[in-house]
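Okay, here's what each chain looks like letter by letter:
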There are 2 protein chains.
Amino acid sequence: MQQEAKIFKALADDTRLRILALLLDVELCVCEIMAALELPQSTISRHLAYLRNSGWVLDRRQGVWMYYRLNNNEHLLVNEIIPLLTNHLAKKSAHTVALKKLRNFQKEQGHQAC
Amino acid sequence: MQQEAKIFKALADDTRLRILALLLDVELCVCEIMAALELPQSTISRHLAYLRNSGWVLDRRQGVWMYYRLNNNEHLLVNEIIPLLTNHLAKKSAHTVALKKLRNFQKEQGHQAC
DNA sequence: TGACCATATCCGCTTTAGCGGATATGGTTA
DNA sequence: TAACCATATCCGCTAAAGCGGATATGGTCA
């Protein structure tokens with residue numbers, strides 16, 4: 001069951017849950033997540049690497065930017081948990097605050113990439 | 001989301017998943033879990049305390065024995081995860097081996113309590 | 001009451017994991 | 001090529017968590 005423990009371990013951290021809550025909606029790049037959560041770049045990057053290694057997200061390079069999105073194809077268990085996260089995390093105030101900061105950041109950027 | 005992180009943290013350990021896999025079926029006492037998993041008593045007891053504190057199980061004293069069972073009433077999220085655990089853990093060989101050891105132990109005990 | 005048993009908690013230890021500033025990497029633009 | 005930018009990784013540190021033998025607790029039975 002170490003496989004399953006690994007999947008749940010990724011969810012056993014508040015920062016990673018906040019990142020996942022954002023990625024439930026859309027693909028985002030690192031600087032957008034930084035802006036939404038107001039955490040240092042190394043912290044965000046480290047947690048994203050963790051989520052990638054545990055099968056939760058996929059990344060994609062576009063020029064200088066790295067985009068991260070949910071990985072729906074790796075584990076059945078992950079796929080089954082995703083709807084639960086959607087239900088339980090979306091209503092959290094920590095999430096709505098993060099979403100607002102994300103929108104502000106995107107507005108400041110004037111819709112140019114990242 | 002610390003509440004949710006706490007719930008998932010309880011699942012982020014192989015030993016606790018093995019304990020929960022057993023409790024998905026039935027209520028068990030500590031010595032039965034020890035026999036099924038072949039782990040020292042302090043280890044089992046510590047993890048059971050962890051599962052109780054994170055809302056996953058309830059305990060009940062019967063004479064000298066402590067019985068543990070799933071807690072279906074604490075968190076909606078827990079309730080929604082339980083069926084996923086049933087699906088994904090029951091087929092694991094680690095679980096079927098543990099179940100066999102549990103049966104053997106119960107047979108040796110000749111159906112007297114624990 | 002005292003001996004005994006199941007379980008919980010304590011203890012010292014080791015391992016794991018998180019943090020964030022500093023540095024490395026690797027793609028882009030001039 | 002060089003300067004620059006976004007991101008990844010390194011590093012030293014601290015806090016959290018797991019381990020299992022030893023001890024404490026609290027219920028039971030004689």
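If you're wondering where the values come from, they're calculated on a predicted model, not measured in any experiment.

Attention shifts here to the overall build of chain A. Scanning chain A from terminus to terminus reveals 6 helices and 3 strands. Along chain A, from the amino end to the carboxyl end, the secondary structure elements read α-α-β-α-α-β-β-α-α. For 114 residues, the compact-globule estimate of 2.2 N^0.38 gives 13 Å, and chain A sits close to it at 14 Å. Projected onto the principal axes, the alpha-carbon positions of chain A cover approximately 45 × 30 × 25 Å.

This part is about the protein's contact with DNA strand C. If you check the shell around DNA strand C, you find 23 residues, and the closest are A:His47, B:Gln41, B:Ser45, B:Val64 and B:Tyr68. Sugar and phosphate atoms represent 66% of those atoms of DNA strand C found within 4 Å of the protein. At a separation of 2.7 Å, a phosphate oxygen of DNA strand C approaches a polar side-chain atom of A:Arg16. Take B:Cys31: an N or O atom from its main chain is 3.1 Å from a phosphate oxygen of DNA strand C. Counting residues per element, the ones that place at least two in the surface near DNA strand C are helix 2 (14-23) and helix 4 (41-53) of chain A together with helix 3 (30-37), helix 4 (41-53) and strand 3 (65-70) of chain B. In terms of residues, the surface near DNA strand C owes the most to one element, helix 4 of chain A, which gives 5 residues. Considering only residue class, the surface near DNA strand C consists of 10 nonpolar, 8 polar and 5 charged.

Inspection of every chain in the model, using the stated rule, returns 1 aromatic pair over all chains. Plain terms: the ring middles of A:Phe8 and B:Phe8 are 6.3 Å apart, the flat faces sit at 20° to each other, and that makes the pair stacked. Here A:Phe8 is found in helix 1 (residues 2-11), whereas its partner B:Phe8 is found in helix 1 (residues 2-9) on a different chain. Each member of the pair, A:Phe8 as well as B:Phe8, is classed as buried. Sitting over the face of the ring of A:Tyr50, A:Arg16 holds its NZ or CZ atom 3.8 Å from the ring centroid.

Before going further, it helps to spend a moment on the relation of the copies chain B and chain A. Of the transformation superimposing chain B on chain A, the axial component is 0.0 Å and the angular component is 180°, with the fit at an RMSD of 0.0 Å. When the rotation and shift are considered jointly, the pair of chain copies conforms to a two-fold rotation axis. Comparing contact sets, 100% of the residues at the interface of chain B also lie at the interface in chain A, consistent with an isologous, same-surface contact.

Residues and elements named next belong to chain A. A positive phi angle, near 55°, is found at glutamate 38, a position not held by glycine. By the element assignment, glutamate 38 lies in the loop between helix 3 (30-37) and helix 4. Residue glutamate 38 is classed as exposed on the basis of its relative accessible area of 55%.

DNA strand D sits among 23 residues. The nearest are A:Gln41, A:Ser45, A:Val64, A:Tyr68 and B:His47. For DNA strand D, the backbone portion of the atoms within 4 Å of the protein, that is sugar and phosphate, comes to 65%. Taking B:His47, its side chain carries an N or O atom lying 2.6 Å from a phosphate oxygen of DNA strand D. Every element with two or more residues in the surface near DNA strand D is listed here: helix 3, helix 4 and strand 3 (65-70) of chain A together with helix 2 (14-23) and helix 4 of chain B. Considering every element that reaches the surface near DNA strand D, the biggest residue donor is helix 4 of chain B, with 5 residues. The class makeup of the residues in the surface near DNA strand D is 10 nonpolar, 8 polar and 5 charged.

Thresholds, definitions, all that
Residues numbered from 1 in each chain as written. Chains lettered and ligands numbered in written order. Predicted model: local features only at pLDDT ≥ 70, side-chain atom pairs only at ≥ 80, totals over all residues. Heavy atoms only, no water. Helix = DSSP H or I, 4+ residues; strand = E, 2+ residues; numbered from the N terminus. Rg over C-alpha atoms; globule rule 2.2 N^0.38 Å. Near = heavy atom within 4 Å. Polar contact = N/O pair within 3.5 Å; in protein donor to acceptor, adjacent residues only side chain to side chain. Nonpolar A, V, L, I, M, F, W, Y, C, P; charged D, E, K, R; others polar. Phe/Tyr/Trp six-rings, centres within 6.5 Å; stacked < 30°, edge-to-face > 60°. Buried < 20%, exposed > 50% of the residue type's maximum accessible area, 1.4 Å probe, protein only. Lys NZ or Arg CZ within 6 Å of the ring centre and 35° of its normal. Least-squares fit on C-alpha atoms with pLDDT ≥ 70 in both. Contact = heavy atoms within 4.5 Å.

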